[in-house]
Amino acid sequence: MSESLAICEGSKAEKYATLYPQIKCVVEEESDAIANMANVASMIHETFGFWWTGFYRVIDNQLVLGPFQGPLACTRIKKGRGVCGTAWQEEQTQVVPDVDQFPGHIACSSASRSEIVVPIIQNGEVVGVLDIDSADLATFDDTDKEWLEKIVKLIEI
Ligand code: SME
């Protein structure tokens with residue numbers, strides 16, 4: 001690995017390392033789930049300048065759109081459908097370097113090129129997902145996965 005690449009990777013991890021305690025502080029001050037999801041979406045979105053950052057919650061066996069930052073998005077997603085429904089079904093974070101290569105990807109916006117979806121698991125069940133879209137290819141990697149999985153553990157929805 002070249003030195004410059006290592007520095008780049010460090011800066012992404014550093015941003016998360018700074019962001020994490022800020023999110024923890026904000027979330028600990030407030031008990032309302034919608035308020036917390038709204039602020040967490042905003043904080044992640046503003047820190048990294050992603051295309052779309054938001055939450056879907058499991059309601060009546062569907063993912064229903066929650067607080068988000070970015071353009072209009074589809075409101076309901078079935079289990080197993082798209083990247084979000086796959087994260088729900090498999091109970092695993094989905095890192096998608098090129099959304100055009102993901103079978104069944106739901107294109108809420110043609111500008112989205114890569115995506116990460118992190119399931120939010122409470123008492124052994126998926127209760128929602130955090131979905132982030134980037135306008136660039138291959139934006140997300142294990143650093144995002146690791147930190148975003150930590151971040152969603154802070155939110156009770
Ligand atoms: N692309 C997602 C749908 C949600 S939007 O990206 C906000 C998917 O395939 O599940």
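Above this text you will find the structure in question.
Residues numbered from 1 in each chain as written. Predicted model: local features only at pLDDT ≥ 70, side-chain atom pairs only at ≥ 80, totals over all residues. Heavy atoms only, no water.

A. Quick look at the packing of aromatic side chains. Scanning the entire structure with this criterion turns up seven aromatic pairs. For the ring pair Trp52 and Phe68, a centre distance of 5.2 Å and an interplane angle of 20° mean the geometry is stacked. Placement of Trp52 in strand β1 (residues 52-59) and of Phe68 in strand β2 (residues 62-69) is noted, with a sequence separation of 16 residues between them. Relative accessible area serves as the criterion here: at 5%, Trp52 is assigned to the buried category. A relative accessible area of 29% means that Phe68 is categorised as partly exposed. One cation-aromatic arrangement involves Lys150 over Tyr20; the distance from NZ or CZ to the ring centre is 4.7 Å. (Phe/Tyr/Trp six-rings, centres within 6.5 Å; stacked < 30°, edge-to-face > 60°. Helix = DSSP H or I, 4+ residues; strand = E, 2+ residues; numbered from the N terminus. Buried < 20%, exposed > 50% of the residue type's maximum accessible area, 1.4 Å probe, protein only. Lys NZ or Arg CZ within 6 Å of the ring centre and 35° of its normal.)

B. Quick peek at the sheet that holds strand β4 (residues 94-96). Read from one edge of the open sheet, six strands run β3-β2-β1-β6-β5-β4, paired in antiparallel fashion. Two strands bound the open sheet, and with one partner strand each, they are β3 (76-78) and β4. Sheet twist, expressed as the average angle between the axes of neighbouring strands with direction ignored, equals 25°. Here six bridges tie β1 to strand β6 (residues 125-134), and the two strands are oriented antiparallel to one another. Of the residues in β6, the one forming a bridge with Tyr56 is Val129. In this fold helix α4 (residues 142-152) packs onto β5 (114-122) and β6, with an angle of close to 35° to the strand it touches most, β5. (Pairing = 2+ DSSP bridges. Axes fitted to C-alpha atoms, helices over the stretch in contact; angles between N-to-C directions. Contact = heavy atoms within 4.5 Å.)

C. The arrangement of the site of the ligand in detail. In the neighbourhood of the ligand, 13 residues make up the surrounding shell, with Val83, Cys84, Ile106, Cys108 and Asp133 lying closest. Burial of the ligand by the protein amounts to 99% of the accessible area it has alone, namely 310 Å². More than half of the atoms belonging to the ligand lie within 2 Å of the grid points that define the largest cavity. Listing elements by their share of the shell around the ligand, those giving two or more residues are β1, α3 (82-90) and β6. A per-element tally of the shell around the ligand places α3 first, with three residues. Here the residues of the shell around the ligand sort into eight nonpolar, two polar and three charged. (Near = heavy atom within 4 Å. Areas by Shrake-Rupley, 256 points an atom, 1.4 Å probe, with all protein chains shown as cover. 1 Å grid on protein atoms, 1.4 Å probe; cavity = no way out; pocket = protein on both sides within 12 Å on 5 of 7 lines; lining within 4 Å. Sits in = over half its atoms within 2 Å of the grid points. Nonpolar A, V, L, I, M, F, W, Y, C, P; charged D, E, K, R; others polar.)

D. Molecular detail of the pairing of β5. Here β5 lies mainly inside the structure; eight of its nine residues are buried. Pairing between β4 and β5: three bridges, direction antiparallel. Bridged to Val95 within β5 is Ile116. Pairing between β5 and β6: nine bridges, direction antiparallel. Within the sheet, the bridge partner assigned to Ile120 lies in β6 and is Gly128. Connecting the antiparallel pair β5 and β6 is a turn made up of two residues, with Asn123 showing a positive phi of about 50°.

E. Molecular detail of α4. Burial in α4 covers these residues: Asp144, Trp147, Leu148, Ile151 and Val152. Taken down its axis, α4 places every buried residue within 135° of arc, on the same side. One side-chain oxygen at the N-terminal end of α4 lies 2.9 Å from the backbone nitrogen of Thr143; it belongs to Asp141. (Arc of directions from axis to C-beta. Polar contact = N/O pair within 3.5 Å; in protein donor to acceptor, adjacent residues only side chain to side chain.)

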